[in-house]
Amino acid sequence: EAIAAQAAALQGVGRARARLVGSEAAPAVRVTLWLTDDADVRDVLARLDDEVLATARSSLSLTDLPAAVWLELDVVHTGPRVA
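The rules behind these values
Residues numbered from 1 in each chain as written. Predicted model: local features only at pLDDT ≥ 70, side-chain atom pairs only at ≥ 80, totals over all residues. Heavy atoms only, no water. Helix = DSSP H or I, 4+ residues; strand = E, 2+ residues; numbered from the N terminus. Contact = heavy atoms within 4.5 Å. Core = buried A, V, L, I, M, F, W, Y, C linked by side-chain atoms within 4.5 Å. Buried < 20%, exposed > 50% of the residue type's maximum accessible area, 1.4 Å probe, protein only. Pairing = 2+ DSSP bridges. Patch = residues over 30% accessible without salt bridge, like charges linked within 9 Å, V, L, I, M, F, W, Y side chains within 5 Å. Areas by Shrake-Rupley, 256 points an atom, 1.4 Å probe, with all protein chains shown as cover. Salt bridge = Lys/Arg side-chain N within 4 Å of Asp/Glu carboxyl O.

Peer 1: For this particular structure, what's the right way to read the side chain of T32?
Peer 2: Take T32: it is sitting in strand β2 (residues 27-35). Filtering out sequence-adjacent residues up to four positions away, T32 remains in contact with R15, A16, R17, W70 and E72.

Peer 1: What exactly am I supposed to notice about the nonpolar core here?
Peer 2: Taken as a class, soluble globular proteins show a tendency for nonpolar side chains to be buried jointly. Within the largest apolar cluster, 15 residues are counted, with the highest numbers of intra-cluster contacts made by I3, V13, V29, L33 and L48. At the level of secondary structure, the elements contributing two or more residues to this core comprise α1 (2-8), β1 (13-22), β2 and α2 (41-59). For this core, the element with the highest residue contribution is α2, accounting for 5 residues. When near neighbours in sequence (up to four residues on either side) are disregarded, I3 contacts A18, V29, V31, V52 and A56.

Peer 1: Where do I start with unusual backbone geometry in this structure?
Peer 2: The phi angle of most residues is negative, glycine excepted, and most peptide bonds adopt the trans form. Despite not being glycine, S61 has its phi angle at roughly 55 degrees, a positive value. With respect to the helices and strands, the residue S61 is situated in the loop between α2 and β3 (67-73).

Peer 1: Help me understand the pairing of β1 in this model?
Peer 2: Remember that side chains alternate between the two faces of the sheet whenever the strand is regular. The sheet contact formed by β1 and β2 spans 9 bridges and is antiparallel. Looking across to β2, one finds that V21 is bridged to A28. The loop that links β1 with its antiparallel partner β2 comprises 4 residues.

Peer 1: Even after reading the chapter, I still don't get a nonpolar patch on the surface, so can you show me in this structure?
Peer 2: Taken together, the side chains of V41, L45, V69 and L71 present a nonpolar region at the surface, about 260 Å² in accessible area. Put simply, the parts of the chain that give the nonpolar patch at least two residues each are α2 and β3. Take V41: it is sitting in helix α2. Its relative accessible area of 37% is what places V41 among the partly exposed residues.

Structural data, given as structure tokens:
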């Protein structure tokens, strides 16, 4: 939950989901990010690695934490298209 919360707070991310997978000895993380229209994808991915995943690695006392990241476009519901 902490990874998802930190990722969701990144500029350009509308919402996020994360889960740890693998074993205790060899964990990995799966992250889904829903990006806003104005997201800078390169910046989002750099900050995800430099800030969010770095914190997770530190918290878990790991030097390596493999991550799979899925990117989706966040859908903004503005109301019905037909009147």
